[in-house]
Amino acid sequence: MALSKEKMNFLEKKAYNIRKHIIEACINHGDGHAGSSLSCTDILAVLYMDIMKLDVDNPKSKDRDYFILSAGHKCLALYGTLVEKGFESASIMDTYNQLDTPIPGHPDRDKFRGVDFSTGSLGHGLPLACGLAKGLKLRNQSNKVYVLMGDGEQGEGSIWEAAAYASHNKLDNIIAFIDKNGLQINGTTKDVLNTNSLKERYEAFGWEVKEINGHDVKEIHETVSSAPFTQGKPSLIIANTVKGKGLSFAENNLSYHHWDPGEEEANIAREELSKIGKRWHSE
Amino acid sequence: MNRIDPRKTFETTLLELGKSNENILAVSCDSAKGAGMSSFINEFPDRYIEVGISEQNGVGICSGLSQVDFIPIIAVITPFLTMRAYEQIRTDIGYINANVKLVGSGGGLAYSTLGFTHEAIEDIAVMRTIPNMTILCPGDGYEVDQALRLAIEHEGPVYIRMPRHGLLPIRAAENRNIEIGKSETIVEGDDVLILATGTMVREAVDAAKELEASGIKAKVESFMTVKPIDMEKLVDLCKSYEHIFTVEEHSKTAGFGSSVAEILISEKDMGQVHILGVEEGSTRVGPYREILEVYGLTGEGIAKSIKEKLK
Ligand SMILES: Cc1ncc(C[n+]2csc(CCOP(=O)(O)OP(=O)(O)O)c2C)c(N)n1
Ligand SMILES: [Mg+2]
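Residues numbered from 1 in each chain as written. Chains lettered and ligands numbered in written order. Predicted model: local features only at pLDDT ≥ 70, side-chain atom pairs only at ≥ 80, totals over all residues. Heavy atoms only, no water.

Participant: Could you give an account of the coordination of the magnesium ion (ligand 2), naming the residues involved and the relevant values?
Facilitator: Residues and elements named next belong to chain A. Each protein donor to the magnesium ion (ligand 2) is listed here as Asp151 (OD), Asn181 (OD1) and Leu183 (O); together their distances run 2.1 to 2.2 Å. Along the chain, the residues donating to the magnesium ion (ligand 2) are arranged with the sequence spacing D-x29-N-x1-L. Separated by 30 residues along the polypeptide, aspartate 151 in the loop between strand S2 (145-150) and helix H5 (157-168) and asparagine 181 in the loop between strand S3 (174-180) and helix H6 (189-192) bring together distant segments of the chain. As far as the burial class goes, aspartate 151 and asparagine 181 line up, both buried. (Donors = N, O, S within 2.8 Å, 3.2 Å for Na, K, Ca; no water. Helix = DSSP H or I, 4+ residues; strand = E, 2+ residues; numbered from the N terminus. Buried < 20%, exposed > 50% of the residue type's maximum accessible area, 1.4 Å probe, protein only.)

See the structure below:
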C-alpha cells in the first residue's frame, strides 16, 4: 500500500512534534536520554499514528496491538508519542523529573495510560513480547506485538533466549525493531561488542529480517505494513538510525546519550526546531 | 559545607590502587564512566575488560579471571548487578569464595528520577544471603575511599554499595578508624540507640541533633560493614537501650534492620527494634532529596519517627 503525500506529511509532522516534546522536556526539566529517544522517534510516529490498532479512550482494549519499549531509556520518545496520539495532554511533559511525575526516567505502566510494561532494565522486552505473542496465539487473537530494542542492548543474553523461542514457536505476530544507531554508552557498538552481523544472527535464529533507513517514514511504513514478512516466522526490522537525530550537535555524538542542556545548547536546539517547523507553520 | 562527589573519590582511589597492584582489572558492562572507572581505564587500557551490556556474562567472566589471580572489580548499576546476575554471584563468586569485587553503582534511591527499574532497595537483602560475601555501605567520601581499599586488601568477594549524590562528611577523617566487620560510634547518647548504615549515618547524626533540641540524647552507631555484622558490639549496645532504631536507604524487608533483628531475637534482655527504611514495593519518583523526605529518611524525618515512637 503506497503512502499518500498527505499521510507522509502527517507522519513527518507528528515525528517533528515528538522530537519537540523530547527536546523541550530536557531543556525545561533537565537530564533525559535525548540521543537515544531521538533515534527511534520516526519509528514510533509511524507505529502509533498509522499502524497500531489502539483505542485512546480504552487503552487496555482487548483488540489493541501491543508495543513494548524494551530499551526503556528511550521513554521521552514514547511519552511524546502517547501525548501526540492523545493519551494524555501535552502539559504532562512539564512534570518531567519532578516529584511523583507520571513520566519518570523509565516508563512505568502504573503511572501512564497507554504504557503496557514497565521497562528500563535492558533485555526484558523480547521475552515479554514472546509471552504476549504466545498468549495471544493460544487465545486465537490476531493482535500484533511490536517491540523496540537498542543495538547495544543486543548484548543481553535474555534477548537471544527469546529470539530462539520466538522462531521455535512460530510467533509471526511479533514485529521487532532494532534501533541501530551504532552507539551505546562506552563507545560505538563496534568497539564495545560488535553488532555488525545482527542480520545474519537473527536469520540463523529463524527470523525474517529486513534492513531499512529508520528515519524514512515511507520506508518504515511500507516495511512494517508488510509484516509478517514470512508466514510462521517472527519479523525483525533493523532500522539504521542516527543517535540524536534532529539535534545537529548531538547527532552521532557519544556525549548525548543523555542530555542536560545548558543555555547555549538550548538556544541552538530551539532555533533548529523552529527552522524545521516552518514547513508546517506556513501551511 | 561542601558535598563530595562519591564517584570522583572512587575514581581517584581506584587509579591509585591500580598503580600499586597490577592484578586489579576494571570490568565494565557498558557503564565505565558512570561507575567512576574512566581514569583507571585511560591509565591502564590493557586492564580494562569491556563485556558490553551483559551483566550475567560479566560476573561469570570475573569469576574466571579471579582463578588466575586477577582481582576484577565490576561496577554496574545496582539492580542489574545484584539482581540480574544474582545466581552467578551466588554460585560462581559466593560459594567458591572468588576474589571478586562487586560495585553497585547507585545504591538505594540514588536513581530516584529514573524509576523503580533503576532504584535499588533490595540489594542488601539479596547480597546478604550469599555465602562468604562481605557487604560494605560507605556513607561519605572517607568511607568510599576506605571501602575500596579494604575490599582490595580483603581476600574474597566484597559487595560495595556506592552512593551517587554529593555527600557530607560523617565526622572529621582524623578521628576515624574503619575496619571490615567493626561498627563505629559516631555520636554518644543514653536515651535511644540509632544504628545506621551508608548514606543514612549522616542523616542519623542530623537526627540526633534535632532530638537533642527536644531533650532526647541519641547514640549513633555506624555500620559501614553490613556483613559480617559487628555482632559482639551490637549485642552489647542493645542491652543498654529500651528503643533501638535501625535506619537504611533500603527496603524494610530483609535489609540491614532485619539482620539486626535476626541477631537480637535470640539474645536476652534486648531493647525493642524499630526498622526505618522504605516500604517494600514503593515506586515514588522524583529528585533525590525530595524522595528521601517522602520516605522519612532525612535527619528531620528520622527524628520525627523516633519522637513518635517514644511518645
Ligand atoms: C540491564 C541493563 N544494563 C545496563 C543498563 C544501563 N544502560 C542504559 S542505556 C544503555 C546503553 C544502551 O545502548 P543501546 O541499546 O545501543 O541504546 P541507545 O541508547 O544507543 O539507543 C545502558 C548500558 C540498563 N538500563 N539495563
Ligand atoms: Mg545504540
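More follows now that the structure is in view.
Participant: Residues and numbers for the sheet that holds strand S8 (residues 192-196) of chain B, please.
Facilitator: All names here are of chain B. Strand order in the open sheet formed by 5 strands is S7-S9-S8-S11-S12, and the pairing between neighbours is mixed. At either end of the open sheet lies a strand with only one pairing partner, and these are strand S7 (184-187) and strand S12 (272-278). Taken pair by pair, the neighbouring strands of this sheet meet at an average axis angle of 25°, ignoring direction. In this sheet, S12 lies alongside strand S11 (residues 243-251) in parallel orientation, the contact comprising 6 bridges. Across the sheet, serine 251 pairs through a bridge with valine 278, a residue of S12. Its contacts with the sheet put helix H12 (residues 299-310) on S8, S11 and S12, and the angle it makes with S11 is roughly 140°. (Pairing = 2+ DSSP bridges. Axes fitted to C-alpha atoms, helices over the stretch in contact; angles between N-to-C directions. Contact = heavy atoms within 4.5 Å.)

Participant: Could you give an account of a positive patch on the surface, naming the residues involved and the relevant values?
Facilitator: Taken together, the side chains of Arg7, Lys8, Lys33 and Arg164 of chain B make up a positively charged region of the molecular surface. Tracing the sequence through the fold places lysine 33 of chain B in the loop between strand S1 (24-28) and helix H2 (38-43). (Patch = residues over 30% accessible without salt bridge, like charges linked within 9 Å, V, L, I, M, F, W, Y side chains within 5 Å. Areas by Shrake-Rupley, 256 points an atom, 1.4 Å probe, with all protein chains shown as cover. Salt bridge = Lys/Arg side-chain N within 4 Å of Asp/Glu carboxyl O. Lys, Arg positive; Asp, Glu negative; His and termini not counted. Charge placed at Lys NZ, Arg CZ, Asp CG, Glu CD.)

Participant: How would you sum up the pairing of S8 of chain B? Please name residues and give values.
Facilitator: All names here are of chain B. Of all 5 residues that make up S8, 5 are buried, and the element is covered over most of its length. Residue alternation in S8 divides its side chains into two sets, Val192, Ile194 and Ala196 and Leu193 and Leu195, and both sets are buried. Two strands pair when backbone bridges link them, and S8 and strand S9 (residues 218-222) are joined in this way by 5 bridges, in the parallel orientation. Bridge pairing links leucine 195 to glutamate 221 in S9. By the bridge criterion, 4 bridges tie S8 to S11 in an arrangement that is parallel.

Participant: Outline the interface of chain B and chain A, listing residues and values.
Facilitator: Listed per partner, the contact involves 28 residues of chain B and 27 residues of chain A. For the pair chain B and chain A, the summed buried surface comes to about 2,000 Å²; carbon and sulfur atoms form 50% of the total. Where chain B touches chain A, the interface holds 2 salt bridges. Note that aspartate 100 of chain A and arginine 284 of chain B form a salt bridge whose closest N and O atoms lie 2.7 Å from each other. (Buried area = accessible area lost by both parts, 1.4 Å probe.)

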